[in-house]
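Here's the letter readout for the chains.
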Amino acid sequence: MSTEQQSREPVVVERVQTGVRMEKRLLKVLKAIAELKDMTLGDLLVGIVRLAFEGKVPFSAQTLKEIEQLKALYGMTLKASDSHNLKERKK
């Protein structure tokens, strides 16, 4: 943590519980990344979104390598180009 970050006042936020549905294998990979980084899934998601909103890349090259391994482990084949072409499996 930089000296600037250490001297800043905490930012007060209000957290809310949410019920978000997402693809099962994607969630498994996200949970595994959070575990690797010793953080909660919620904190990981907030970090990814905040960086994306600022136009920044949320993951280092090393983390991207770990993500590729986790995707293979959990059989996650989804790509960004699949985003608007997903169909829910009938139960």
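In this text the structure is predicted, and so the values were computed from the model without any measurement.

> Please give an account of the nonpolar core that cites residues and values.
Judged by nonpolar contacts, V29, L30, A32, I33, A34, L44, F59, I67, L70, M76 and L78 together constitute the single largest core of eleven residues. Elements with a contribution of two residues or more to this core: α2 (24-36) and α4 (61-74). Of the residues forming this core, the biggest block, five residues, is contributed by α2. The contacts of L44, once residues within four sequence positions are left out, are L30, I33, A34, M39 and F59.

> Describe in detail the pattern of salt bridges, supporting the description with residues and values.
Under the criterion given, the structure shown has six salt bridges. In this structure, R15 and D43 form a salt bridge, with 3.2 Å as the shortest nitrogen-oxygen distance. On the criterion of sequence distance, the pair formed by R15 in the loop between α1 (3-7) and α2 and D43 in helix α3 (residues 41-53) is long-range, its members being 28 residues apart. Between E68 and K71 there is a salt bridge, with the nearest N and O atoms lying 3.3 Å from each other. Here E68 and its partner K71 are both found in helix α4, three residues apart, which amounts to about one turn of the helix.

> If you had to explain unusual backbone geometry to someone new, which residues and values would you point to?
The backbone of D38 sits at a positive phi, close to 55°, despite the residue not being glycine. Structurally, the position occupied by D38 is in the loop between α2 and α3. Using a relative accessible area of 73% as the deciding quantity, one classes D38 as exposed.

> Help me get a handle on a positive patch on the surface, residues and values and all.
A surface patch of like charges, here positive, comprises K24, K28, K31 and R89. Residue placement: K24 occurs in helix α2.

> Tell me what's going on with the confidence of the model for the protein, and back it up with residues and numbers.
Close inspection of predicted coordinates is inappropriate in any region flagged by low pLDDT. Per-residue confidence for the protein gives a mean pLDDT of 92; residues scoring 70 or more make up 93%. Of all the helices and strands in the protein, α1 carries the lowest mean pLDDT, 65, while α2 carries the highest, 97.

Definitions and cut-offs
Residues numbered from 1 in each chain as written. Predicted model: local features only at pLDDT ≥ 70, side-chain atom pairs only at ≥ 80, totals over all residues. Heavy atoms only, no water. Core = buried A, V, L, I, M, F, W, Y, C linked by side-chain atoms within 4.5 Å. Buried < 20%, exposed > 50% of the residue type's maximum accessible area, 1.4 Å probe, protein only. Helix = DSSP H or I, 4+ residues; strand = E, 2+ residues; numbered from the N terminus. Contact = heavy atoms within 4.5 Å. Salt bridge = Lys/Arg side-chain N within 4 Å of Asp/Glu carboxyl O. Patch = residues over 30% accessible without salt bridge, like charges linked within 9 Å, V, L, I, M, F, W, Y side chains within 5 Å. Areas by Shrake-Rupley, 256 points an atom, 1.4 Å probe, with all protein chains shown as cover. Lys, Arg positive; Asp, Glu negative; His and termini not counted. Charge placed at Lys NZ, Arg CZ, Asp CG, Glu CD. pLDDT = per-residue confidence, 0-100.

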